[in-house]
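# Descriptive analysis of the structure
Each chain, letter by letter, is given below.
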Amino acid sequence: MPGPRGKAKAKKPKPIVHSVVHAQSDLEEFSGLVDDIEGAEGWNTRVKILCEFLQLPDLSRRSGLKKVHANFNEVYHNIDDVYVANIANQKITGAIIGIYTKMCADAILRDKLFQKGLVSKITPLIKIPSMRYLALRALTTVTHHGGVDVRKEISLESPSLLKIMQENPDDLRAAEMAISIMAHAIGAAINQEDPPAPRYLKAANVKTLIPVVIDFMRKPGVSIQLLHHGLELLTHLVLHCWSECKVHAPLQNLLVACLRSMDLTVRVSALGGLLRLEALSSEEDQRHFDPHKLMAAIERRIPDHLTDILMDYGAMRGDMYLTMASTADNQKAMMQCAQDKDLYSLDPRTGKIEINRDMGLPFIMWSDALPHCARAIYAKGHPGEEDLADMITAKFFIIRSCIPDAIEAAKRGLQRNPKFAYFYYVMTLGKDHCEGLRSAKKGLKCPKMTPFVRFGLLHHAVELAGNLGVCRIQESCPGDRKYDEGVAFLMSTMEDAKVYAMEAPPDARHMKNMIYWYICLTLAIKGPETPVDLQELQVAFKKLGHAKEFSILLGTIPPKTQLRLTQQNIVKHYPTAVREWKDLVARFDDETKDEGTISLEKAEDDLAAWLDDLHLEQGEEDEAHPQRCSHPRVSPNTVALYRCSWCGNPSAALRKCSGCEKARYCDGGCQKSHWSEHKVACKA
C-alpha cells in the first residue's frame, strides 16, 4: 500500500537451521549427538535424531523441502560439518546419507547434492556390511528419480555393485537393489543410438555382468522387482555390447522365452531386446530392383513351382511382369520421343533405360527426362494434370535421393488434391516417423491408387508402426497415452503385415520383411496362445521360403537384415528357450494381476486420436529425461483388429458410429455409403 509502511525494508526470512560451530580440534560439540545416535535402534530413528539436532524441517513434506530450497547452502554446510567431523562414525555418516536420500525426492535438490559429490559419499558405504543396505537404498532412490547425468555418473560405480553380488551370492535383497541401480544407470549410459563413451562400457563389464545377473534371476525366491529390473538391464546391454551378448546363449534364450509371458510389456521388452541385438551386426535391406537381372532370370527359366505360384496369383499382376512391361513401355516411349521430340507425350514410368548415343534429346538417362516432362505438362496447363506433373517431380527427387525436395513437391500436391495416394507415399519417406505413419494411414484411405502405391504404403505403415510400437511400450506403462498408442501401433503392424503377405504379389521385393514382421509380432502379441511348435505359423514360413526363392532367382541373395536375423533367432531358439526358462516366465506370470484387458476398442481409438494429433495440449516430452521405471502387469487377451463396416478395410484407425458405438468406419465417406444398410440396426 502507499504511505510510510510501503517504504519499509523487507525483513530477511528467519533461518530454519541454527549454525553449527565449525571445525574444532575435538568432537565435544557432537558428543551428545554421538551418544544419542549410538543408542538409537534402526536407521530411521538415527535419521530422525540427526534431523532434530540440525533443526531441519520435515523432509517428507513439500513445505519442508521448500524451506531447504530457500536455505540450501546453509543447510548443506551444516550437514557437511557434521559429516566431516564424524567421518569415522558409520552410524552418523549413514544417517546423513539417509537425510540426503530424503532430500533426493526433490529433483532440484537431488541435482544440487549431485554437484556437491553425493555419489562419492554413498559408494564407499556399500563395502561396509552394516551400511550396505542403507547405501544401496540411497543409490536406488537417487538412480530411480535421477536425471541422465546422475545415472551416467552412478553407472561408473557398477564394478562395486557387481563385486557385492559376486561376494554375496545368497543376499537376494542386496542383489535386487544392485540390479535395479544398474538397470537405470547403465541404461542411461549405454542404451542410446550413438556409441557410448568407453568408460561406461568398461564399467559395465558385460562379460561378467551377464552371467551374474542371469544366475540371480534363476534363484528361487527372488522378487518380481529383481526379475523386471534384470530383464530391463539385459535388454539395455544388447545394442552396443551385441558381440558379448550373442556368445551367451542363456541370454538369447531368456529373451525368446519371455515372448510367452502373459504380460504384454514383458513380451514387447523381450522383442525390443532381440531386435536391438541384431541392429549393429545386420546388413542394409535391398533398395533397388535391377531389370537386367530380371531379364537374365527369365532367360534362365523360372522353376516350375515358382511359375505355378505366379500363375495362381495372376502372372500379369506380379512384380516381374509389371517390371518387364514398364521397361518395354519406356523403350517404346523413348524411341517415339527421339523421333517427335514431344516431351509432353513421353510420360516415363518405371525402369531404367540408358541412351547410348546422341538422339537430340536433353537427357541420356530416362530419369533425367522426368523434370523435362514435368515442365512440359505444366506448360500445357491442362486441367487435372498438375497431379501428374508433381508426381513426376517428386519421383525425380526420390531417384536423386533429395527426399526433402520430394516431400515439398508432395505437400504442394496434397494442398491441391488430398486424395492423391502417391503424395502420401512420398511423405512416408521423411525422417519424421510419426508423420510418415500418419501419411501412410491417410494414403491407404484414398479411393484410387495403383497396386504399387498401395503395397508401398502398407510396407511403410508396417515398418513405421512396428518400430514406434516397440519403443512406445518400452518407454511407458499401462494407462499412459504412449502405452495405449504402442499397443495400437503393434496391432496395426501385425494386421497390415498380414494383409501385405496375403494380397501382395508373391515376388514382391518387400514380401520377406513383411513376413518377418508378421512372425515376430504374432509371437509378441499372442504370447502364450501360440503353440510351442509354432504350427500356427507354418503357412507364413512356407510363404517366406517362396519369397526368398524369388529373391535369389532375381539375382539378390536375401541380405542379413535386422528383421531377418531377429526372426531367425527367435524361431531357432523358441522350443529350447521355452523349456529352459519356463519356470522363470511362470514366476513373471504368477505376479501378473488383472489390471484390465487390452481393449481392442480403445486401441483403435487411441491410434485414431494419435493420427489426428489430438494430444497437443499435453505438451512435448522431455527428451533429456531417461526412461521411466515401470513394471506394469496386464492380463493376456486375444488381439485382433476390426474392419471397416462398409469396405472391410482392416485398420486400427477406425472411428465408431456415434449412434450405436459398434459399427466402425475408415472415414465419413464409408459411413455415408453404409448408412442405407446400417440405419435400421443403428436405430434399433
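To keep things clear, this report deals only with the structure shown in the data block. Here the structure is a predicted model, which is why all the values come from computation and not from measurement.

All chains considered together, the criterion is met by two cavities of 30 Å³ or more. In this structure, the largest cavity encloses a volume near 50 Å³. Along the walls of the largest cavity sit Asp285, Gln286, Arg509, His510, Lys512 and Asn513, which together make up its complete lining. Looking at side-chain class alone, the lining of the largest cavity contains no nonpolar, three polar and three charged residues.

Moving on: the nonpolar core. The biggest cluster of nonpolar side chains holds 158 residues, and the ones touching the most others in it are Ile99, Met103 and Leu237. Ignoring any residue separated from it by four or fewer positions in sequence, one finds leucine 237 in contact with Ile186, Ile190, Val206, Leu209, Ile210, Trp242 and Cys245. In terms of nonpolar packing, the next biggest core, distinct from the first, is built from 10 residues, Leu294, Ala297, Ile309 and Met320 among them.

So, on to the state of the cysteines. Every disulfide links exactly two cysteines, by a covalent bond between their sulfur atoms. What the rule picks out here adds up to zero disulfides. Considering cysteine sulfurs only, cysteine 241 is the nearest to cysteine 245, which forms no disulfide, with 6.1 Å between them. Taking the relative accessible area as the measure of exposure, cysteine 245 reaches 0% and is therefore buried.

Next up on the list: the pattern of salt bridges. Inspection of the entire model under this criterion finds 14 salt bridges. Salt-bridge contacts for aspartate 80 lead to lysine 121; the nearest nitrogen and oxygen are separated by 3.9 Å. A residue pair is termed long-range when its members are at least 10 positions apart, and aspartate 80 in helix α4 (residues 72–85) and lysine 121 in helix α7 (residues 118–122) qualify at 41 residues. Across the pair aspartate 387 and arginine 416 runs a salt bridge whose closest N-O atoms are separated by 2.9 Å. In this pair, aspartate 387 is assigned in helix α22 (residues 386–399) and arginine 416 in helix α23 (residues 403–416), connecting sequence segments 29 residues apart. Residue class for aspartate 387 comes out buried when judged on its relative accessible area of 10%. Residue classification places arginine 416 among the partly exposed positions, given a relative accessible area of 36%. Beyond isolated ion pairs, a larger network of salt bridges with shared partners links Asp387, Asp390 and Arg416.

Even without glycine at this site, glutamine 55 takes up a positive phi of about 55°. Relative to the assigned elements, glutamine 55 resides in the loop between α2 (43–53) and α3 (62–70). We classify glutamine 55 as partly exposed; its relative accessible area is 36%. Positive phi, normally seen in glycine, also occurs at leucine 534, with a value near 60°. Note on placement: leucine 534 falls in the loop between α28 (511–526) and α29 (538–553). Residue leucine 534 is classed as buried on the basis of its relative accessible area, which comes to 5%.

What follows deals with the environment of alanine 504. Within the fold, alanine 504 resides in the loop between α27 (481–503) and α28. Since its relative accessible area comes to 3%, alanine 504 is described here as buried. The sequence separation of alanine 504 and proline 451 amounts to 53 residues, and the corresponding C-alpha distance is 8.2 Å. The residues contacting alanine 504, other than those within four sequence positions of it, are Tyr313, Phe455, Val499 and Met511.

What counts and how
The numbering scheme is per chain: residues are counted from 1 as the chain's sequence reads. Since the coordinates come from a predicted model, pLDDT governs what is reported: local features require at least 70, and pairs of side-chain atoms require 80 or more to be given and counted, while whole-chain, interface and lining totals use all residues. Note that water and hydrogens are dropped before the side-chain values are worked out from all heavy atoms of the structure. In this analysis, the protein atoms alone were mapped onto a 1 Å grid. Cavities are point sets where a 1.4 Å probe fits without being able to get out; pockets are open sets with protein on both sides within 12 Å along at least five of seven lines; lining residues have an atom within 4 Å of a point. Grid points are joined across faces, edges and corners, and a volume is the space filled by probe spheres set on the points. Think of it as three bins: nonpolar holds Ala, Val, Leu, Ile, Met, Phe, Trp, Tyr, Cys and Pro, charged holds Asp, Glu, Lys and Arg, and polar takes everything else, Gly as well. In plain words, nonpolar cores are sets of buried Ala, Val, Leu, Ile, Met, Phe, Trp, Tyr and Cys residues tied together by side-chain atoms within 4.5 Å. Only protein chains enter the accessibility calculation, which uses a 1.4 Å probe. A residue is then buried if its area is under 20% of the maximum for its type, exposed if over 50%, and partly exposed in between. Contacts are assigned to residue pairs with any non-hydrogen atoms lying within 4.5 Å of each other. Cysteine sulfur atoms that come within 2.5 Å of each other are treated as a disulfide pair. Salt bridge criterion: a side-chain nitrogen from Lys or Arg within 4 Å of a carboxyl oxygen from Asp or Glu. Helix and strand definitions follow DSSP, with helices as H or I runs of at least four residues and strands as E runs of at least two, each counted in order from the N terminus.

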